[in-house]
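# Structure at a glance
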Amino acid sequence: MSAISLNTATQSPASNGSLQSALQQAKRIANQAESSAQSLEAQAQSAQAEAASAQDYASSLTIQADQAQLSVGWTQQDVTALETAKELSTQITSVINNVVSTEPARPALVVAPIPPPPVTHPVLNTQGQVTGKIINTSA
């Protein structure tokens, strides 16, 4: 800005009035500019507060999303475990049904007792020598 020096003694009253008017207008413009600056500063502070609140909300949503992902993982593990248990149950039932429906066990072979060997008696000659055997076949 250029400096304006006012020397009321050297200026005419008409020009003094226009200077006064220009000074008042400059003051009004300065006041309006200051008011606008204060309003803009308040809006900026409000916007910063809203941005901080939005950031907090976004962080909260991120945490909730992470927790939901964990829940999904646990639920998928539970579903997998239930499916495995169902398969095992089906397989066990099948094995039990196969065991129950198989042929009844065959009776053990009946083995006839082995007869004792025939009783033999030595045959002696007149001199007491063994010359043969008599076999008992009545058994």
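No experiment lies behind these values; they were computed from the predicted model shown.

About the thresholds
Residues numbered from 1 in each chain as written. Predicted model: local features only at pLDDT ≥ 70, side-chain atom pairs only at ≥ 80, totals over all residues. Heavy atoms only, no water. Helix = DSSP H or I, 4+ residues; strand = E, 2+ residues; numbered from the N terminus. Buried < 20%, exposed > 50% of the residue type's maximum accessible area, 1.4 Å probe, protein only. Patch = residues over 30% accessible without salt bridge, like charges linked within 9 Å, V, L, I, M, F, W, Y side chains within 5 Å. Areas by Shrake-Rupley, 256 points an atom, 1.4 Å probe, with all protein chains shown as cover. Salt bridge = Lys/Arg side-chain N within 4 Å of Asp/Glu carboxyl O.

Right, let's get into the overall build of the chain. Helix and strand counts for the chain come out as one helix and two strands. When the helices and strands of the chain are listed from N to C terminus, the series reads α-β-β. With 139 residues in all, the chain has 0% of them scored as buried.

With that out of the way, let us pick up a nonpolar patch on the surface. Among the surface-exposed residues, Leu 88, Ile 92, Ile 96 and Val 100 lie close enough to one another that they form a single nonpolar patch of about 400 Å² accessible area. Inspection of the secondary structure assignment puts Ile 92 in helix 1 (residues 13-101).

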